[in-house]
Every structure is written in structure tokens, then in C-alpha cells.
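# Structural characterization, general
Okay, here's what each chain looks like letter by letter:
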Amino acid sequence: MPGLACLYIAAIQIVTLGVLLISTDYGSVESREAMSTEGSLELSQDSNVLVFVLDCFESSWFEDIVEEDASIIEPLADFTYYRNGTSQFAHTDNAIPYMLTGVTWKEEIAGNYPSYAYEHSDALNRIAEKGYDIGIYTGATYLADSAKTLTTNYSNDSSWTYEPVETLKLMLKSSMYKMVPFALKLEFSYYSGDVFTLAKSDTVWNIDNDIPFYNSLMRQGITVNEELSSAFRFYHMRGPHGPFYLSEDVKYEPTGREATVSSQGRGSLRIVYEYLEQMKELGIYDDATIIITADHGQGYILDSDKTSGKPDRTSRPIFIVKKPNEQGEAMRISNAPVSQAELIPTILEAVGADGSDYGRTFEDISEDEQRELNERLQILTEQS
């Protein structure tokens, strides 16, 4: 009897699956809000302020890559690398809102920080008031409505299609991961980003895969939009965030076994370098302010600290900055104790707005300065 019951249940499941496979409209499209790719390759002839956020790019990883091959930083000859920097947050959910608002974290609003940050910041408004066309290329969930409406690439009617075969493959993979012994789980591991990428769109910005951006760069290339007097672009990219699927020549490595933090870090830098090279060809590189950074470095979260969200040591995101008309023979290195607190003031200065009430710029921090840490930074430092 138990055997017959099992066969009966299995038969019902098989029939149900068959009906779903036959009746499902695989061409269906779902529409919802998103940050699109619109304007991502359009810049101004006169004034451009660019921020490349390479997710999770830890400074120590960058330094390891440079140690392996010093030629990797040759395209950064006009930049200053601030190697003594820290992030304000260890995770993207809070880090991206902070980078776009400059609003300090407070313990009493810890559970609602993103909303609080956008409500108490006018940084993006100041950029818009200076006539800058604003393109913020990240996930829509990281932006408040007030920020979305200031951008030219927000869409409330973006479309995705779904691949049934890829969906079934990931369902099988996740089931196997759950069922197999621990010794075999690595073979079936997957990342939340793998779930998100099941939805395909050529017009929605993808923070989990940098290859579409690179392909657009190579096929279409950057153009100068004569109608733009100035442009602000904020690109949130995958960077060397694990799991690693990107080769250093920007190819997708499907197994994830050959790609490493180094190869993916190199690959993400290569994309930025291609962007910079095209700017030079268009004659719009010299006058631009360009910041290459990360939303956070390595989190170093201990099991005992997962509920508190406090890392056991400070994460060190990269800070690599070029101001207008800066030129050099090699990348300069600064030991100034900077942090993400300097990002918004630096951006506001670059667009010609007053950002002094948000703090100081990267350049304002001297190398011999002993900084007084704010509450959030103190929390991070005490864990190191």
C-alpha cells in the first residue's frame, strides 16, 4: 500500500508538470519598474562626472592584482589611489543609498536607513540643479522614488522574458544542493544573482553580470550627446563580487571553477579601461572627474555577528580618483585616511555645487591627519 500511494502521488506530479509544460506561455513578458540602460553610453562634450562602483572590490584584492602584474594599472596613470580608506557599510543594501546621499547612519533608524537617507539628502537635487543629466545604473530597489524621478533612465514599464530551460536547470540544481551530502554540495552551489538573471532584458541594467555592459561598449561605443550640457553617471557593476564567473578577458566562465577573484577583478577593470579609452578617443577624458570605487570591501562577517551585521574587521573598498586635467606618468598613491564620507562632497564639488555641509572631499584629507571617527566608523573599527 505505501508503495502504491507513492506511485499515485508521483503520477499526479508528473501529469501536473506535463500540463504546465504544455500550457505555459513561454513568450510571456512581465513588466515592472527598473533602472534601464538608457543613456548609459551617452556623455556630454563639456562636463562629465563618472562614478564606477565595482561591487565588493577590496583594496587588498586590488593590491594583490597589481603585485601579480604591475601593468594592470598603466591606464590609471592620471589617477590617485587612496589605499587607506574604509567603507561605511559592509553590505550593498545600505552602501548604495549612502553613496548617493551622504547621510550618516544613526542607530535609532538602523532598520530603515535607506528611506531615512534619501529623505534627508538633497545631494542628487543639487546635481540636477547644476544642469547635469543624471543616470544611475543600479537596481531600482536601492533607490527611493525621489531619486528615481531625477534620473533619465528610470522606467516603470520595463520588460523581462524568462527562459524555461534555464529555469528548470536552476530548479534542479537547487534541489540537488538541498539533497546531496555536504561533501558534494559545492558542485551544486548557486548564487541569488543566478535567480535574478533568469529574467532576461536587453534594456534593464544588470548588476549581476558586467558582460552586457561590456558588449554594448564594444558594439555601440560611447557617444557624445550634443543636447547634454553635462552628465553625471553612476555605474553599479558586479566587480569581483563572488561567486566568480568572469575571466580577465571578459568572458563568461560557466562552471565558476576557473574564474577567481583576481580574474573577475581584472575583467571588471578592463571594462572600465575600455570606457576610459573611448572617452580619450572622443576628446572628453581630460575634463572629466572619474571615480573608481566599491560599495564595500570584504565583509568578514562572523557567524556570531550575522544578526548584528557588524563585520569583524573594517572593509577597505578601492578609492581611485581622477580630477579634471590631472595627468601623470604613473598612478599616485595616497595614505590619507579617507572613507566613503568624502564621496558626495567630491561629487558635488565636481559638478560645481556647494557640498561643504556634507563634509570634505578626498583631496581635503591630508596623509598625516588623525581623523575623529563618527559613530558608524567607530563601530566598524572596533571590530577590527
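Now for a quick tour of the structure. These figures come from a predicted structure and were not determined experimentally. (Residues numbered from 1 in each chain as written. Predicted model: local features only at pLDDT ≥ 70, side-chain atom pairs only at ≥ 80, totals over all residues. Heavy atoms only, no water.)

## Considering the overall build of the protein
For clarity, the cut-off: Only DSSP runs of H or I with at least four residues qualify as helices, and only runs of E with at least two residues qualify as strands; both kinds are numbered from the N terminus onward. Exposure is judged per residue with a 1.4 Å probe applied to protein chains only, and the accessible area is read against the type maximum: over 50% gives exposed, under 20% gives buried, and values in between give partly exposed. Residue contacts are defined here by distance: any two heavy atoms, one from each residue, within 4.5 Å place the two residues in contact.
Counting its regular elements, the protein contains 12 helices and 14 strands. Buried residues in the protein amount to 48% of all 384 residues. Intrachain contacts of the protein at a sequence separation of at least 6 include 76% that bridge at least 24 residues.

## Structural notes on the pattern of salt bridges
The cut-off we apply is this: Each salt bridge in this description consists of a side-chain nitrogen of Lys or Arg and a carboxyl oxygen of Asp or Glu lying within 4 Å of one another.
According to the stated counting rule, one finds 12 salt bridges in the structure shown. The closest approach of N and O atoms between R266 and E68, which form a salt bridge, is 3.3 Å. Here R266, found in helix α10 (residues 261-282), pairs with E68, found in helix α2 (residues 59-68); they are 198 residues apart in sequence, far enough to count as distant. Of the residues examined, E68 reaches a relative accessible area of 53% and is grouped as exposed. Measuring nitrogen to oxygen at the nearest pair gives 3.7 Å for the salt bridge that ties R266 to D69. Taken as a pair, R266 in helix α10 and D69 in the loop between α2 and β4 (80-82) lie far apart in primary sequence, 197 residues in all. Here R266 falls in the buried class, since its relative accessible area comes to 10%. Overall, the relative accessible area of 27% leaves D69 in the partly exposed class. Put simply, E33, D145 and K148 are held in one network by salt bridges that share partners.

## What about the nonpolar core?
Selection rule: Among buried residues, the Ala, Val, Leu, Ile, Met, Phe, Trp, Tyr and Cys ones that are joined through side-chain atoms within 4.5 Å form a nonpolar core.
If you look at the biggest cluster of nonpolar residues, it comprises 79 residues, and the most contacted ones within it are F62, F232, Y275, M279, I290 and I292. Broken down by element, this core gets its largest block of residues, seven residues, from α10. Aside from chain neighbours lying at most four places away, what touches F232 is V49, V51, L124, I127, Y132, D133, I134, G135 and I347. The next biggest cluster of nonpolar side chains, apart from the first, holds 10 residues, and it includes F89, I109, Y116 and A341.

## Comments concerning the sheet that holds strand β3 (residues 48-54)
The following threshold applies: A strand pair is defined by DSSP finding two or more bridges across the two strands. Structural elements are reduced to axes, namely lines fitted to C-alpha atoms, with helices fitted over the stretch in contact, and the angle between N-to-C directions of any two is expressed from 0 to 180 degrees.
Taken in spatial order, the seven strands of this open sheet run β6-β10-β3-β11-β12-β4-β13, and their pairing is mixed. The outermost strands of the open sheet, each flanked by one partner alone, are β6 (133-137) and β13 (332-334). Taking each pair of neighbouring strands and ignoring which way they run, the sheet shows an average axis angle of 15°. Strand direction decides the pairing type here: β4 and β13, joined by three bridges, are parallel. Each bridged residue has a counterpart across the sheet, and for Y81 the counterpart in β13 is I333. Where helix α3 (residues 92-101) meets the sheet, it contacts β3, β6, β10 (231-237) and β11 (289-293), and its direction lies at approximately 170° from that of β10.

## So, the pairing of β10
Taking burial as the measure, the seven residues of β10 include seven buried ones, the bulk of the element. Side chains A231, R233, Y235 and M237 of β10 all project onto a buried face; the interleaved residues F232, F234 and H236 project onto the opposite face, where all are buried too. In this sheet, β10 lies alongside β3 in parallel orientation, the contact comprising seven bridges. Opposite L54, over in β10, you have M237 as the bridge partner.

## Topic: the side chain of R316
For the record, the criterion: Contacts described as polar in this section are N or O atom pairs within 3.5 Å, which, within protein, must combine one atom able to donate a hydrogen with one able to accept it, while residues neighboring in sequence count only if both atoms come from side chains.
Among the structural elements, R316 can be located in the loop between β11 and β12 (319-322). For R316, the side chain forms a polar contact with the main-chain oxygen of R83, separated by 2.7 Å. Residues within four places of R316 in sequence aside, it is in contact with F57, E58, S59, S60, E63, Y81, R83, G85 and G297.

## What to know about unusual backbone geometry
The amide bond that connects G242 to the next residue, P243, takes the cis arrangement and shows omega of -5°. Structurally, P243 can be placed in the loop between β10 and α10. Even without a glycine there, the phi angle at C56 is positive, about 70°. Locating C56 in the fold gives a position in the loop between β3 and α2. Looking at C56, the relative accessible area reads 10%, which means it is buried. Unlike most non-glycine residues, V250 shows phi in positive territory, near 60°. Inspection of the secondary structure puts V250 in the loop between β10 and α10. Relative accessible area serves as the criterion here: at 4%, V250 is assigned to the buried category.

## Quick look at α10
Test applied: A helix is expected to reach a length of 1.5 Å times the quantity of its residues less one.
For α10, spanning 22 residues, the distance from its first C-alpha to its last is 32 Å, which sits close to the expected 32 Å at 1.5 Å a residue. Of the residues one or two after α10, G283 is the one with positive phi, at around 75°.

## Looking at the pairing of β12
In β12, alternate side chains face the same way, and those of F319 and V321 on one face and I320 and K322 on the other are all buried. Two elements, β4 and β12, share two bridges in a ladder whose sense is antiparallel. Across the sheet, Y81 pairs through a bridge with I320, a residue of β12. Across four bridges, the pairing between β11 and β12 is antiparallel. Its bridge partner lying in β12, I290 is registered against K322.

## Observations concerning a negative patch on the surface
Let me state the cut-off plainly: Residues enter patches when their relative accessible area tops 30% and they take part in no salt bridge; the joining distance is 9 Å for like charges and 5 Å for the nonpolar side chains Val, Leu, Ile, Met, Phe, Trp and Tyr. Surface exposure here means Shrake-Rupley accessible area, sampled with a 1.4 Å probe, where a residue is shielded only by the protein chains that are shown. Residues counted as positive are Lys and Arg, residues counted as negative are Asp and Glu, and His and the chain ends are not counted. Each charge is placed at NZ for Lys, CZ for Arg, CG for Asp and CD for Glu.
Together, D46, E226, D286 and D287 make up a negatively charged patch on the protein surface. The topology assignment puts D287 in the loop between α10 and β11.

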